[in-house]
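# Coordinates in review
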Amino acid sequence: MFYLALYVLLISGTDFVLFNLAWCFIYLGFLLFLPLATPLVVQLVLGFVVGFSLDMVFDTGGVHAAAAVLLMYLRPWVLRLLTPRDGYDTQDSVNIHQMGWQWMVVYLVLLTAIHHAAFFLLELGSFRFVGLTLAKIVLSTLYTGLALLIIQLVFFPTKRRKR
């Protein structure tokens, strides 16, 4: 809930929007950094609860909930796609220090791009301003991904696992 409170109280204002094109959805960190062994049903419920909470605060009509549930539905598929050669251990978590830079960057870019594409296309409701929407998706993905990488480096432990 720290990510949700941080987003609602501090980051959701216009101070953290870059040129009215890039938004930082910091609350995605809560969903993306869940342990790898989290069951799909729990992931979907958490995605819905987080998205619905934001929809209630910002009166967005289910856009956050739909994008967050889609994100959590596709997360296991992306994790399977990015499985290391040795596989994941049961105690693995989504951590830049355990998984490495390349893995983390690809993971964050794929999933935040999926979330942002769903969010901005649902928010727009049509394909009238495709260029502006694509710019919002790309810039917001980069902005959110960079913020989440910084959070990983600052707040997550640096203890590496022996492979």
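Just so it is clear, the model here is predicted, and its values are computed rather than measured.

## As for the overall build of the protein
On a plain count of helices and strands, the protein comes out with seven helices and zero strands. The N-to-C order of helical and strand elements in the protein reads α-α-α-α-α-α-α. Going through the 163 residues of the protein one by one, you find that 44% of them count as buried. Across the protein, contacts joining residues at least 24 apart in sequence account for 73% of those joining residues at least 6 apart.

## A closer look at the UniProt feature "transmembrane region" (unreviewed entry) in the protein
Residues annotated in UniProt with the feature "transmembrane region" (unreviewed entry) correspond here to residues 6–33, 64–82, 103–122 and 134–156. Taken end to end, residues 103–122 has its terminal C-alpha atoms 29 Å apart, with 100% of it in helix and 0% in strand. Span residues 134–156 is 96% helix and 0% strand, its end C-alpha atoms 32 Å apart.

## Observations concerning unusual backbone geometry
Residue N20 is not a glycine yet carries a positive backbone phi of 55°. With respect to the helices, strands and loops of the structure, N20 is situated in the loop between α1 (2–11) and α2 (28–32). With a phi close to 55°, D59 is a non-glycine residue in the positive phi region. Structurally, the position occupied by D59 is in the loop between α3 (40–58) and α4 (63–81). Given a relative accessible area of 71%, D59 falls into the exposed group.

## Observations regarding helix α6 (residues 101–124)
Taking 1.5 Å of rise per residue, the 24 residues of α6 would be expected to cover 34 Å, and the 33 Å separating its terminal C-alpha atoms lies within 8% of that figure. By the burial criterion, the buried members of α6 are W103, M104, Y107, L108, L111, T112, H115, H116, A118, F119 and F120. As for α6, its buried residues are in contact with α2, α4, α5 (96–99) and α7 (130–155). Where α6 ends, the next residue or the one after it, G125, has phi of about 80°, a positive value.

## Points about the packing of aromatic side chains
For the structure on display, the rule yields eight aromatic pairs. Between F25 and Y27 the ring centres are 5.9 Å apart and the planes differ by 65°, which places this aromatic pair in the edge-to-face class. For F25, a relative accessible area of 2% puts it in the buried group. The interplanar angle of 65° and the centroid separation of 4.9 Å between the aromatic rings of F25 and F119 together place this pair among those described as edge-to-face. Taken together, the residues F25 in the loop between α1 and α2 and F119 in helix α6 connect sequence positions 94 residues apart. For the residue pair F25 and F119, the accessibility class agrees, reading buried in each case. Linked through ring pairs, W23, F25, Y27, F119 and F120 together constitute an aromatic cluster.

## Description of the packing of α3 against α4
Two packed helices can be described by the angle between their axes and the distance between those axes. The N-to-C vectors of α3 and α4 enclose an angle of 160°; their axes lie 7 Å apart at closest approach. Considering their axes alone, α3 and α4 lie roughly antiparallel with respect to each other. For α3 against α4, the interelement crossing comes out right-handed. Residues L40, Q43, L44, G47, F48, G51, F52, L54, D55 and F58 of α3 pack against V63, H64, A65, A68, V69, M72, Y73, R75 and P76 of α4.

## Some points on the nonpolar core
Core analysis: the biggest nonpolar cluster contains 38 residues, and L28, L32, W103, M104, Y107, L108 and L148 have the highest contact counts within it. Where this core is concerned, the elements lending two or more residues are α2, α3, α4, α5, α6 and α7. Top contributing element to this core by residue count: α6, with eight residues. Not counting the four nearest positions on each side in its chain, L32 is found in contact with L71, R75, V94, Y107, L108, L111, T112 and L148.

Rules used in this analysis
Residues numbered from 1 in each chain as written. Predicted model: local features only at pLDDT ≥ 70, side-chain atom pairs only at ≥ 80, totals over all residues. Heavy atoms only, no water. Helix = DSSP H or I, 4+ residues; strand = E, 2+ residues; numbered from the N terminus. Buried < 20%, exposed > 50% of the residue type's maximum accessible area, 1.4 Å probe, protein only. Contact = heavy atoms within 4.5 Å. UniProt positions renumbered as here; feature names shortened; annotations may be inferred. Expected span 1.5 Å × (residues − 1). Phe/Tyr/Trp six-rings, centres within 6.5 Å; stacked < 30°, edge-to-face > 60°. Axes fitted to C-alpha atoms, helices over the stretch in contact; angles between N-to-C directions. Parallel < 35°, antiparallel > 145°, perpendicular 65-115°, else oblique. Left-handed = near helix turned anticlockwise from the far one by under 90°. Core = buried A, V, L, I, M, F, W, Y, C linked by side-chain atoms within 4.5 Å.

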